[in-house]
Amino acid sequence: MNLYLRYFDKETLVSHVDDAIAFLAEIDEIGMNPVLEQDIRDYVASDVFYPKRYKIRPRVYFILIKTEAATMMDFKEKKAVHGIEAMGAKPVSTAVVRLNEEREGWYEGMVDFKRVQMVPGTGKFQYRDTHFVARCKAVSGLDCYNRIIDHLSQRVDSRSQFPSAKGKNFKFQYLGQCK
């Protein structure tokens, strides 16, 4: 297993934890110390495969990633990405796959969108964050989204802004079969 390290534009791919620590020690801003060194050694020795970031100062980090990539080019082209199966976990469906999965029945969809409303005192218009929840019959999460947006677009100002179905401002839940 190799280690990829990056701090701003300085990056490297090393095969030993000692090489990683030597790379970080050369960067003065990181301030390598025994506590940080031991934490890096513990991370490398663990079974954890997710990337680890270390805070240097507010909003400044360096990142450490375990990888099977033999070269930097392989890492950049994502040829040696750890699969979920390799970690011993069951595969999790992505949001896009769940969105397009066809299961006819009842869905509950929640949309957070920017609604245009007139301010009564001034007569001017402004955007207001609006949360909308609806239950509808649909064949997929995407169909539920389309039905909710069609319903809302007929009832609110046309300048209102609706989120993407793939974004964090739309959530849905499958409630069950139609009866």
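Residues numbered from 1 in each chain as written. Predicted model: local features only at pLDDT ≥ 70, side-chain atom pairs only at ≥ 80, totals over all residues. Heavy atoms only, no water.

A. Quick peek at the side chain of T12. Note that T12 resides in strand 2 (residues 10-14). Contacts of T12, omitting those with residues within four sequence positions, involve L3, Y4, L5, F23 and M72. (Helix = DSSP H or I, 4+ residues; strand = E, 2+ residues; numbered from the N terminus. Contact = heavy atoms within 4.5 Å.)

B. Inspection of the pairing of strand 5 (residues 102-118) at higher detail. Where strand 5 and strand 6 (residues 125-140) come together, 15 bridges link them in antiparallel fashion. Across the sheet, M118 pairs through a bridge with F125, a residue of strand 6. Remark: six residues form the turn of the hairpin made by strand 5 and strand 6, two consecutive strands paired antiparallel; G123 in that turn has positive phi of roughly 80 degrees. In terms of strand pairing, strand 5 meets strand 7 (residues 170-176) through six bridges, oriented antiparallel. Across the sheet, the residue bridging to M110 is K171, located in strand 7. (Pairing = 2+ DSSP bridges.)

C. Here's a closer look at the nonpolar core. Membership of the largest hydrophobic core comes to 18 residues, with the highest contact counts inside it found for L5, I40 and F62. Taken together, the elements giving at least two residues each to this core come down to strand 1 (2-7), helix 1 (17-25), helix 2 (34-45) and strand 4 (60-67). The biggest single contributor to this core is helix 1, with five residues. Contacts of F62, omitting those with residues within four sequence positions, involve R6, Y7, L24, I30, L36, I40, K52, R53, Y54 and I56. Ranked by size, the runner-up nonpolar core spans 16 residues in total, among them C144, Y145, L152 and Y174. (Core = buried A, V, L, I, M, F, W, Y, C linked by side-chain atoms within 4.5 Å. Buried < 20%, exposed > 50% of the residue type's maximum accessible area, 1.4 Å probe, protein only.)

D. Just the sheet that holds strand 3 (residues 52-57), in detail. Strand order in the open sheet made by the four strands is 2-1-4-3, with antiparallel pairing throughout. The two strands at the open ends of the sheet, each matched to only one other strand, are strand 2 and strand 3. Across the sheet, the axes of successive neighbouring strands diverge by a mean angle of 15 degrees, strand direction being ignored. Against the sheet, helix 2 contacts strand 1, strand 3 and strand 4, and its axis sits at roughly 30 degrees relative to strand 4. (Axes fitted to C-alpha atoms, helices over the stretch in contact; angles between N-to-C directions.)

E. Examining the environment of D18 more closely. One can find D18 in helix 1. Taking the relative accessible area as the measure of exposure, D18 reaches 44% and is therefore partly exposed. Between the alpha carbons of D18 and R41 there is a distance of 8.7 Å; along the sequence they are 23 residues apart.

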